[in-house]
Amino acid sequence: MVSLLRKLMIVPLLLLAGLATAQQVDIEVDRNELARGETLTLTIRVYEQRQGVQLDLTPLTDNFDVLGTRTSSQIRSVNGSVESWTDYVVTLFPLTEGELEIPSLNINSVQTDPIAINVVNQGPRSNQASDELFLEIEVNKESVYVQEQLLFTVRLFYTINGIRNPQFTEPEMPDTVVELIGSPNQYEELIDGVRYGVYEKRYVIFPQRSGPLEIPDILFRGEVTDGSSNFVFRNLNTRRVTAFIDGITIDVKERPASAQSVNWLPASRVSLSEDWSRSLDDLQIGDSVVRTITMSAEGLDGAVLPPLTEENIAGMNTYPDPPEIDRSFVDGSIVGTRIESTTLVATAAGELEIPQVTVPWWNVDSDQMESSIIPATRINIASVAGEVPSEQAVASTENLEDLLARAPVVDQAMIDAQAEAEVIQVDASWMNYLIAAAFAIVLFSIYRLAIVPRSEEISAWYTGLKRSVTEHYDPANNETVAYRNLQAACRSGDEIRIRNSLITWCGHLIRDRKVRSMEDILQQGQITALHEPASALQDKLFNQQSSVRFSASELLDTVNGLRKTNKLRQRQQARDDRFDLPPLYKS
């Protein structure tokens, strides 16, 4: 009898195993050849699916950008035979051109076959009509000197309504400094009678070595809504739009031979100006004056401008202040500024000379070496007759020990006048008691007139404040508190406390589903990194014979990585929301 029961129990297991092994997975693409800038649709069909499938699309990210996924399920009956399947539709954007491959994917223990894709370059294009969406790039020069500024502009022209989350690839190049000029500009432009919205990003590029500078291809990706969203029912139906344009190559010239022995400053204009804090006609020994020199360069950052003032000037002590370095953008061009202020103190009488300031620079417009100059300044320093010279002048003419040994000079008339002054002392201790009594009366009046009649309101306000503070610092409502509790639990080594703290913290990371147990964590595909330590923790708690090793420190390292990634994603989303393109309709 027992043997018969065992056989009957084995039969359903064999049937389930047969169904699992019979599960079929098909994979296909809408085309095997596409142009650069277009998107590709990958369809994964899973037959006889009875529960959700967690797709690991990580292998696709080497050659493609996963723009979005959607699912659809169908069931049909043919001659009494029922067939069902679920389609996972993935939109892919090729990152490069040439022969690419969609690698083999592991889906429900089924290994799919790789698919070859050919991406060809057919010039600037998008996955929309060319008159609805296209890119344009512009540079101010076809060749520049090394370290000279190159102005680079990317423009997106569009007539499509409601473009959201615009993303452009950044022009990143080795041995090059690239800076975004301000925030992206948005405006409208009329082209051949059609009104386009324009989204413009401007960059300044400083190549740091000579030779060809290859500015990479620019790719644009965004979303388009169907225009039916409203404040009551939020419509999330969107479609992806893309655009592409080829990069360009700029010739970067070497530093000219005639400029090898001086500071290399390739600019359109360099100016010097000088300012004094007071007149130089009546300076005496010991007087101080502040000299301010301002250097401005069109086409250079202020950080690369050289020092200007002399450290040693005969007959004067110099006390320089830290330089003020700044930059701004004027008409799309960078303008660097360096301001140096120095306090000069005269230590000798007679005619002194402040040397000339000369800054050689290379004029990129006329292609020749020039110099900006502040001429030398001559100053007549007068001596102070009948008075003790300043500390700097005395130190240069007399012995300091002799000066300190001299008896101090005392003004006897001043001492006598001070001795004759009358000092009136008044006992004002009663004033302190009066002030204390008045303060006590005011406090009592406030208590009787303001606090007592509103005691119930104040009590309710305090209770509400206490409740709001308690709720704010509740781990279920505060991600930071939940994370700190998880840290403390990992340090304590208490597995039950770690499990409860992990569930609470994951509730903040997973927004689209309520996390009540470890099973909810293990079913989430967006936090697959937690699956292994979470499973090990479960085995540690409920399977005393398990040989699986659980490490609280490794779990905490994984949580730290997920937490950092989530914060970066939130900041990126905030930036995307900030620069959402406004809707624009065809006129």
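Owing to the predicted nature of the structure, the values given are computational and were not obtained by experimental measurement.

### Concerning the sheet that holds strand β30 (residues 368-374)
Strand pairs in the sheet, formed through backbone hydrogen bonds, run parallel or antiparallel to each other.
Right, so step 1: Strand order in this open sheet of three strands is β22-β29-β30, and the pairing throughout is mixed. A strand with exactly one partner marks an edge of an open sheet, and here the two such strands are β22 (266-267) and β30.
Right, so step 2: In terms of strand pairing, strand β29 (residues 357-363) meets β30 through seven bridges, oriented antiparallel. Counted as the bridge partner of Asn-363 is Gln-368 from β30.

### So, the pattern of salt bridges
Right, so step 1: Counted according to the given criterion, the structure contains 20 salt bridges.
Right, so step 2: The residue Arg-209 makes a salt bridge to Asp-175 at a minimum N-O spacing of 2.8 Å. On the criterion of sequence distance, the pair formed by Arg-209 in the loop between β17 (194-207) and β18 (211-215) and Asp-175 in the loop between β14 (163-168) and β15 (176-180) is long-range, its members being 34 residues apart.
Right, so step 3: Residue Arg-327 is joined to Glu-179 by a salt bridge in which the shortest nitrogen-to-oxygen separation is 2.0 Å. Pair noted here: Arg-327 is in strand β26 (residues 324-330) and Glu-179 is in strand β15, with a separation of 148 residues, a long-range link.
Right, so step 4: Given the relative accessible area of 18%, Glu-179 is considered buried.
Right, so step 5: Overlapping salt bridges, with partners in common, bring together Glu-136, Glu-138, Arg-155 and Glu-200 in one network.

### Observations regarding unusual backbone geometry
Right, so step 1: The phi dihedral of Gln-147 falls on the positive side, at around 70°, and the residue is not glycine.
Right, so step 2: Structurally, the position occupied by Gln-147 is in the loop between β12 (143-145) and β13 (150-158).
Right, so step 3: Of note in this structure, Asp-175 is not a glycine but carries a positive phi near 55°.

### Here's the deal with the sheet that holds β18
Right, so step 1: Pairing is mixed across the open sheet formed by three strands, whose spatial order is β12-β21-β18. Single-partner strands in this sheet number two, and they are β12 and β18. Along the sheet, successive strands turn relative to each other by an average axial angle of 35°, direction set aside.
Right, so step 2: Strand direction decides the pairing type here: β18 and strand β21 (residues 248-253), joined by five bridges, are antiparallel. Paired with Gly-211 across the strands is Val-252, a residue of β21.

### Looking at the nonpolar core
Right, so step 1: Leu-133, Leu-135 and Phe-220 are the most contacted members of the largest nonpolar core, which has 32 residues in total.
Right, so step 2: The leading source of residues in this core is β13, at five residues.
Right, so step 3: The next biggest cluster of nonpolar side chains, apart from the first, holds 27 residues, and it includes Leu-486, Leu-502, Ile-521 and Leu-530.

### Some remarks on the packing of helix α7 (residues 479-492) against helix α11 (residues 552-578)
Right, so step 1: Contact geometry for α7 and α11: axes closest at 9 Å, N-to-C directions at 160°. By the angle between their axes, α7 is roughly antiparallel relative to α11. For the pair α7 and α11, the crossing hand works out as left-handed. Contact residues: α7 offers Glu-479, Thr-480, Tyr-483, Leu-486, Gln-487 and Cys-490, while α11 offers Ala-552, Leu-555, Leu-556, Val-559, Asn-560 and Arg-563.

### A few points about the environment of Thr-558
Right, so step 1: Residue placement: Thr-558 occurs in helix α11.
Right, so step 2: Exposure remark for Thr-558: the relative accessible area of 22% places this residue in the partly exposed category.
Right, so step 3: Considering only alpha carbons, one finds Thr-558 and Leu-530, 28 residues apart in sequence, at a separation of 6.8 Å.
Right, so step 4: Not counting residues up to four positions away in its chain, the partners in contact with Thr-558 are Ala-529 and Leu-530.

### Regarding helix α8 (residues 495-509)
Right, so step 1: An ideal rise of 1.5 Å per residue puts 21 Å on 15 residues; α8 measures up with 21 Å between its terminal C-alpha atoms.
Right, so step 2: Of all the residues in α8, the buried ones are Ile-498, Arg-499, Ser-501, Leu-502, Ile-503, Trp-505, Cys-506, His-508 and Leu-509.
Right, so step 3: Against the buried residues of α8 lie α7, α9 (518-522), α10 (531-542) and α11.
Right, so step 4: Taking the backbone nitrogen of Ile-496 as reference, a side-chain oxygen 3.2 Å away marks Asp-494 as the first, capping residue of α8.

### Thoughts on the packing of aromatic side chains
Right, so step 1: Counting across every chain of the model gives 10 aromatic pairs.
Right, so step 2: Ring centres of Tyr-47 and Trp-85 lie 6.1 Å apart, and the angle between their planes is 55°; on these two criteria the pair is classed as tilted. Remark: Trp-85 occurs in strand β5 (residues 81-94) and Tyr-47 occurs in strand β3 (residues 40-47); sequence separation between them is 38 residues. Here Tyr-47 matches Trp-85 in class, with each residue buried.
Right, so step 3: When the ring of Phe-157 is compared with that of Tyr-196, the centres are 6.3 Å apart and the planes differ by 85°; the resulting orientation is edge-to-face. Taken together, the residues span a long stretch of sequence, with Phe-157 in strand β13 and Tyr-196 in strand β17 at a distance of 39 residues.
Right, so step 4: The exposure class assigned to Phe-157 is buried, which follows from its relative accessible area of 2%.
Right, so step 5: Within the aromatic cluster, the residues linked to one another by ring pairs are Phe-134, Phe-157 and Tyr-196.

### Points about the packing of α8 against α10
Right, so step 1: One way to put it is that α8 packs onto α10 with a least axis distance of 10 Å and a crossing angle of 140°. Classified by the angle between their axes, α8 and α10 sit oblique to one another. By crossing handedness, the relation of α8 to α10 is classed as left-handed. For the pair formed by α8 and α10, the contact residues are Glu-495, Ile-496, Ile-498 and Arg-499 on the first element and Leu-537, Gln-538, Lys-540, Leu-541 and Phe-542 on the second.
Right, so step 2: Its residues placed into classes, the contact of α8 with α10 shows five nonpolar, one polar and three charged.

Cut-off values and rules
Residues numbered from 1 in each chain as written. Predicted model: local features only at pLDDT ≥ 70, side-chain atom pairs only at ≥ 80, totals over all residues. Heavy atoms only, no water. Pairing = 2+ DSSP bridges. Helix = DSSP H or I, 4+ residues; strand = E, 2+ residues; numbered from the N terminus. Salt bridge = Lys/Arg side-chain N within 4 Å of Asp/Glu carboxyl O. Buried < 20%, exposed > 50% of the residue type's maximum accessible area, 1.4 Å probe, protein only. Axes fitted to C-alpha atoms, helices over the stretch in contact; angles between N-to-C directions. Core = buried A, V, L, I, M, F, W, Y, C linked by side-chain atoms within 4.5 Å. Parallel < 35°, antiparallel > 145°, perpendicular 65-115°, else oblique. Left-handed = near helix turned anticlockwise from the far one by under 90°. Contact = heavy atoms within 4.5 Å. Expected span 1.5 Å × (residues − 1). Polar contact = N/O pair within 3.5 Å; in protein donor to acceptor, adjacent residues only side chain to side chain. Phe/Tyr/Trp six-rings, centres within 6.5 Å; stacked < 30°, edge-to-face > 60°. Nonpolar A, V, L, I, M, F, W, Y, C, P; charged D, E, K, R; others polar.

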